[in-house]
Amino acid sequence: MDRQLLEPSLMDGHLTFTHDSTGRPVALLPARCKLGRHTLGHNRFRAVVRDGEAHISCLACATDTADHFWRLSATAPAPDRAELSEERYLELVLHRAQRAVTAGGHGD
């Protein structure tokens, strides 16, 4: 197994926001786990924003020793609402998966 997948990562990116029809901020959370294996629907994840960082943990991945949570920098206080977004974090999921395949595929 790729050791990189087992160790906690550095910051993965930035937490993004949108606004609802009343102008209130809504946090956009990744809709897939960090490893790209699971969708994060109801009761499948835990999100905590604290000290300028958002941790979004995949509960299915948390059962093994994988690096199971996104670390996203948060420049604003946590809003009252959040939504899952497949599109906003797709590039981060694909980039991470590509790094894992490249590192593991060459026997380096």
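Described below are features of the structure shown in this document. (Residues numbered from 1 in each chain as written. Predicted model: local features only at pLDDT ≥ 70, side-chain atom pairs only at ≥ 80, totals over all residues. Heavy atoms only, no water.)

**Some details on the sheet that holds strand S3 (residues 25-30)**
Here is step 1: Across the sheet, 3 strands lie side by side as S2-S3-S7; this open sheet has mixed pairing. Edge positions in the open sheet fall to strand S2 (16-19) and strand S7 (81-85), since each of these has one partner strand only. Each neighbouring strand pair of the sheet contributes to a mean axis angle of 40°, computed without reference to strand direction.
Here is step 2: Looking at chain direction, S3 and S7 are connected through 5 bridges and run parallel. (Pairing = 2+ DSSP bridges. Helix = DSSP H or I, 4+ residues; strand = E, 2+ residues; numbered from the N terminus. Axes fitted to C-alpha atoms, helices over the stretch in contact; angles between N-to-C directions.)

**A word on the sheet that holds strand S1 (residues 13-14)**
In a beta sheet, neighbouring strands pair by backbone hydrogen bonds and run either parallel or antiparallel.
Here is step 1: The 4 strands lie next to each other as S1-S6-S5-S4, forming an open sheet whose pairing is mixed. Bordering the open sheet on either side are S1 and strand S4 (45-50), each of which pairs with just one other strand.
Here is step 2: Both S1 and strand S6 (residues 69-73) contribute to a ladder of 2 bridges, which runs parallel. Considered in S6, the bridge of Gly-13 is made with Leu-72.

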